[in-house]
Amino acid sequence: MNRYTGFSDLCIPSSGDLKSIVREAIDLGYRNVAIEQTCDLCRPEDVNKKQDPIPVPYCLKELKAKYGGQIKLVNRLTVAFSDASVSLLLNKSNNLRAYNLVAALPTNESSFQYACQTLPCDIITYNSGTIQVRMNRKYYYLAVERNIVFEIKYAPAIVSSADRKRTIERSHRYHAYGKSKNVIISSGAQDQFQLRSPYDIANLGLIFGLSEEQSKESVRGVANRVLLSAEGRRFGKAGVVITGRAKRPTIVDSDDYSDTELEENISDSDESGEAENVADMDVTNEDNEDDLDAVQPPKKKGKQEKMVE
């Protein structure tokens, strides 16, 4: 059962004014929002091995207490890395399991290939320094098969003209390499004025090379599926949902027999069955004798008549 419905924005940096951003997201019609934290693991040798390299997730208790009934809030971790050694750090981390979403931010072509093929993540994203990293069609489709989505951020395109040009270039490469499959559009907004309505984003998707249907699904269907897929990654490939059921009233049948009545009926039926079997045996014996007389040869019958005379 999918718990995530409606429109989703899967990238709200925790460094912004979260209260005002979440309030604005509710007013615009969003139902799922991910609070992002970034971790730079491009130089694993500089990481203190005695401490967990992954930061503690942002505490959402205050926001959930204020807006819990109107919107669903989840934690997202964005990991910047440059080689495959990042997996060793992620596997040893205890804080990683507390995040609902894990986004990979590859800084070069080899790390992009590793993120598409092997790294356990849900989203492949970029920043202003890695937006022009070269991609590959083969690895793009490998990521699609693993239910990994590719992210487009529209807030930087609103703030800077240079970022706008790079964002459009990146989104058109998604179309060239993979026909814009598994693409989501997130905000990356630092304040409430950078947020846009889901319907405005659907129109903005046409500029990013998405079709009309893909533009709508980028903030609704695909985004909600990645949230559900992330739960499967965290808890396993299969799940069991246990729900309580109301007790049904027991119906008493008037034709039911008590134990004593049932035993009496069984004994009576056994006796009557034995009597019928005995009667059947007598009838069959008489029939057999008549059959033997009928089958007897005529010569023997003549001899028997003379002897009687």
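Data block above holds the structure.
The structure reproduced in this document is the subject of the present report. (Residues numbered from 1 in each chain as written. Predicted model: local features only at pLDDT ≥ 70, side-chain atom pairs only at ≥ 80, totals over all residues. Heavy atoms only, no water.)

**Describing the overall build of the chain**
If you tally the helices and strands in the chain, you get 12 helices and 7 strands. Counting across all 309 residues of the chain, residues that qualify as buried make up 40%. Intrachain contacts of the chain at a sequence separation of at least 6 include 76% that bridge at least 24 residues. (Helix = DSSP H or I, 4+ residues; strand = E, 2+ residues; numbered from the N terminus. Buried < 20%, exposed > 50% of the residue type's maximum accessible area, 1.4 Å probe, protein only. Contact = heavy atoms within 4.5 Å.)

**Some remarks on the pairing of strand β1 (residues 7-13)**
Walk down a regular strand and you will see the side chains alternate between the two sheet faces. Across the 7 residues of β1, 7 count as buried, placing the element largely inside the fold. Chirality of the crossover, the property in question, places the unit of β1, helix α1 (residues 18-28) and strand β2 (residues 30-40) among those that are right-handed. (Right-handed = clockwise from strand over helix to strand, strands pointing away.)

**As for the packing of helix α5 (residues 137-145) against helix α7 (residues 161-178)**
Axis separation between α5 and α7 bottoms out at 9 Å; the angle between their running directions is 90 degrees. When the interaxial angle is binned, α5 and α7 end up roughly perpendicular. Two secondary-structure elements touch here, α5 through Arg137, Tyr140 and Tyr141 and α7 through Tyr174, Ala176, Tyr177 and Gly178. A class-by-class count of the residues in the contact of α5 with α7 yields 5 nonpolar, 1 polar and 1 charged. (Axes fitted to C-alpha atoms, helices over the stretch in contact; angles between N-to-C directions. Parallel < 35°, antiparallel > 145°, perpendicular 65-115°, else oblique. Nonpolar A, V, L, I, M, F, W, Y, C, P; charged D, E, K, R; others polar.)

**Quick word on the pattern of salt bridges**
Scanning the entire structure with this criterion turns up 7 salt bridges. Linking Lys19 and Glu62 is a salt bridge whose minimum nitrogen-to-oxygen distance equals 2.8 Å. One end of the pair, Lys19, is in helix α1; the other, Glu62, is in helix α2 (residues 61-67), and 43 residues separate them in sequence. Between Glu36 and Arg76 there is a salt bridge whose closest N-O contact spans 3.7 Å. Of this pair, Glu36 sits in strand β2 while Arg76 sits in strand β3 (residues 72-81), and the two are 40 residues apart along the sequence. Accessibility classification places Glu36 together with Arg76 in one group, the buried group. It is possible to trace a salt-bridge network through shared partners that takes in Glu36, Arg76 and Glu151. (Salt bridge = Lys/Arg side-chain N within 4 Å of Asp/Glu carboxyl O.)

**Some remarks on the side chain of Thr125**
Within the secondary structure, Thr125 is located in the loop between β5 (123-124) and α5. At 2.7 Å, the side chain of Thr125 forms a polar contact with the side chain of Glu151. What Thr125 contacts, discounting residues up to four positions off in sequence, is Arg76, Thr78, Ala103, Ala104, Leu105, Pro106, Glu151, Lys153 and Arg170. (Polar contact = N/O pair within 3.5 Å; in protein donor to acceptor, adjacent residues only side chain to side chain.)

**Description of the environment of Val219**
Looking at the secondary structure, you find Val219 in the loop between α9 (212-217) and α10 (221-235). Judged by its relative accessible area of 1%, Val219 is buried. Placed 14 residues apart in sequence, Val219 and Gly205 show a C-alpha to C-alpha distance of 9.9 Å.

**Observations regarding the environment of Gln51**
By the secondary structure assignment, Gln51 is in the loop between β2 and α2. A relative accessible area of 54% means that Gln51 is categorised as exposed. Taking C-alpha positions, Gln51 is 9.1 Å from Ser93, a pair spaced 42 residues apart along the chain.

**With respect to the nonpolar core**
In terms of nonpolar packing, the biggest core is built from 57 residues, with Leu41, Leu119 and Phe150 touching the most fellow members. Of all the elements, α1 adds the most residues to this core, at 5 residues. Excluding its chain neighbours within four sequence positions, the residues that come into contact with Leu119 are Phe81, Val86, Ser87, Leu90, Ala104, Tyr114, Arg146 and Ile148. Judged by nonpolar contacts, the second largest core, of 14 residues, contains Tyr4, Val222, Ala223 and Val226. (Core = buried A, V, L, I, M, F, W, Y, C linked by side-chain atoms within 4.5 Å.)

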